[in-house]
Structure formats: structure tokens, C-alpha cells
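# Per-entry structural report
This is what each chain is made of:
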Amino acid sequence: MMRGLLTAISVLAFPLALSACAMSERQQTVTQAQPQGDDEVLAAQETAEALALAVRARDAQDSDTLRSALLDLRRLRARPQQEPLQARMDEWARFAGLDEIPMRGRTLGPAVRSGFIAPGQSKSLDQTFLSGRKATIAARSSDGRTVRLGVRDRSGRETCEKASVRPLCAWVPIYTSRYTISVSNPGNQRIEYFLVIE
């Protein structure tokens, strides 16, 4: 009878152990690691800030500030992922009196995307992140308005969601996998956004 009781306990305990393991795995998947001193985090933040500053400087025809912002972007090795953004940065360089240095095709440095979002709308893209390597994403609007940044794994589980004027998501994926990144405009005016992926 004792053997039967032990068997019954083992049968009941096994599913509970599996459930606990699954819960632990999920918690690890969505755990946020955002040490502010990490090089990747700082690079993403600085790139986003430099892009927003460049837009404001160009609009104000402030060539000195624009030149400073562009030099920061070159130091950070920012990589535009869209031809229109590359062309825009080339125009910024001409206005600021700098030689055009193509940033496309670089193997190092944060990748950069931009676009416009109407009030209450969002844009998303899929991106693969590698196992064990920190993933860092920052977003900014060109005029300092609030931006909502969200990241979900391939199962649709929330990895990160932040809404602020400087949203930042950083985590270390357990497995190499595709994630969906979304940028939303919670305000009542159209915004121009920059998305930096490190």
C-alpha cells in the first residue's frame, strides 16, 4: 500500500513540476535586463537622441548642432535600414558641411528606422534576436512626444512595453527567435519616430 501511495504522489507531483518549469521559463523570457551602464544600452539611447536632435537642428537650420549630431551618429556607427533615411542623412551632411559617409552596409553599430505615425496608430516589424546576446531597442519622436514601444515573442507573449518620451527595452533572449516590435502613437498629433535596434 505504501508503494501505491508513493506512486500516486509521484504521478501528481510530475505535472506540477512541469507547470513550475514552464512558468519559470516564461518568467525568464520576459525578464527585463536594463543596466544603464551597458555599452549596447548607451549606444541605442545615444543614437536615438542624436537622430531626434538632428531633425530639430535641420528644421531650425542650425548647422553647428546638426554637425555635432551627425558626428555622434558616425561615432556610434548608426546603420539606416531604409533608403529614404539614408538619403535624408546625406542631405543633413551636405547642409552641415560634412562629407557624405555612406552608413549603409556597416556590420557594427545600431540599426535605425524611421517613419510617421498618426494619432492612435502603430507600426510593427519582425526582428530576429540571437540566444544569449542582449537585445536593446530604443524609440524617440523627433519633437519629444510620448512614444509607446512594445516587444512580443513569437508566441505573442509580452517581453516589454514602455510608454514615455524615451522608451527603452533591453533583454537577453534564451533562444534565438523572432520578435515583433511595435511603435505606437498614444497622443493626438502625428509624430515622426526613430527606432534604434542594437
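Up top is the structure these notes are about.
Residues numbered from 1 in each chain as written. Predicted model: local features only at pLDDT ≥ 70, side-chain atom pairs only at ≥ 80, totals over all residues. Heavy atoms only, no water.

Even without being glycine, Gln61 reaches a positive phi, approximately 55 degrees. Residue classification places Gln61 among the exposed positions, given a relative accessible area of 58%. The phi dihedral of Arg77 is positive, around 60 degrees, even though this residue is not glycine. With respect to the helices, strands and loops of the structure, Arg77 is situated in the loop between helix H3 (63-76) and strand S1 (79-80). Arg77 gets classed as partly exposed once you look at its relative accessible area, which sits at 43%. (Buried < 20%, exposed > 50% of the residue type's maximum accessible area, 1.4 Å probe, protein only. Helix = DSSP H or I, 4+ residues; strand = E, 2+ residues; numbered from the N terminus.)

Further remarks concern the sheet that holds strand S6 (residues 158-164). Sheet architecture is open: 4 strands sit in the order S3-S8-S5-S6, paired in antiparallel fashion. Because the sheet does not close on itself, it has two edges, and the strands there are strand S3 (122-129) and S6. Across the sheet, the mean angle separating the axes of adjacent strands is 15 degrees when strand polarity is ignored. Bridge count for strand S5 (residues 147-152) against strand S8 (residues 177-184) is 5 bridges, and the pairing is antiparallel. Of the residues in S8, the one forming a bridge with Leu149 is Val183. (Pairing = 2+ DSSP bridges. Axes fitted to C-alpha atoms, helices over the stretch in contact; angles between N-to-C directions.)

Strand order in the open sheet made by the 5 strands is S1-S2-S9-S4-S7, with mixed pairing throughout. A single partner strand is all that each edge strand has here, and the edge strands are S1 and strand S7 (168-171). Taken together, the 2 bridges between S1 and strand S2 (residues 111-117) define a ladder with parallel strand orientation. In the strand pairing of S2, Pro80 is matched with Val112. Sheet strands touched by helix H2 (residues 39-59): S2, strand S4 (135-141), S7 and strand S9 (191-197). Its angle to S4, the strand with the most contacts, is close to 20 degrees. In the packing of helix H4 (residues 83-96) onto the sheet, contacts are made with S1, S2 and S9, and the angle to S9 comes to roughly 100 degrees. (Contact = heavy atoms within 4.5 Å.)

What describes a pair of aromatic rings is the distance from one ring centre to the other and the angle between the planes of the rings. The full count for this structure, using the stated rule, is 3 aromatic pairs. Three or more aromatic residues link up through ring pairs in this structure, and these residues are Phe129, Trp171 and Tyr179. The ring of Phe95 has Arg58 lying over it, and the distance from NZ or CZ to the ring centre is 3.9 Å. (Phe/Tyr/Trp six-rings, centres within 6.5 Å; stacked < 30°, edge-to-face > 60°. Lys NZ or Arg CZ within 6 Å of the ring centre and 35° of its normal.)

What follows is about the layout of surface pockets. The space that makes up the largest pocket amounts to roughly 510 Å³. If you list the elements that add at least two residues to the lining of the largest pocket, you get H2 and S3. (1 Å grid on protein atoms, 1.4 Å probe; cavity = no way out; pocket = protein on both sides within 12 Å on 5 of 7 lines; lining within 4 Å. Points joined across faces, edges and corners; volume = space filled by probe spheres on them.)

Next up on the list: the packing of H3 against H4. Contact geometry for H3 and H4: axes closest at 9 Å, N-to-C directions at 130 degrees. Taken as axis vectors, H3 and H4 run oblique relative to one another. When you trace H3 past H4, the crossing you get is left-handed. Where H3 abuts H4, its residues Ser63, Leu66, Arg67, Leu70, Leu73 and Arg74 lie against Met89, Trp92, Ala93, Phe95 and Ala96. Taken together, the residues of the contact of H3 with H4 break down into 8 nonpolar, 1 polar and 2 charged. (Parallel < 35°, antiparallel > 145°, perpendicular 65-115°, else oblique. Left-handed = near helix turned anticlockwise from the far one by under 90°. Nonpolar A, V, L, I, M, F, W, Y, C, P; charged D, E, K, R; others polar.)

Overall, the coordinates contain 1 disulfide when judged by the stated rule. Disulfide pairing is shown between Cys160 and Cys169; the S-S distance is 2.0 Å. Taking the sign of the torsion about the S-S bond as the criterion, the disulfide between Cys160 and Cys169, at about -75 degrees, is left-handed. Side by side, Cys160 and Cys169 carry an identical accessibility label, which is buried. (Disulfide = S-S within 2.5 Å.)

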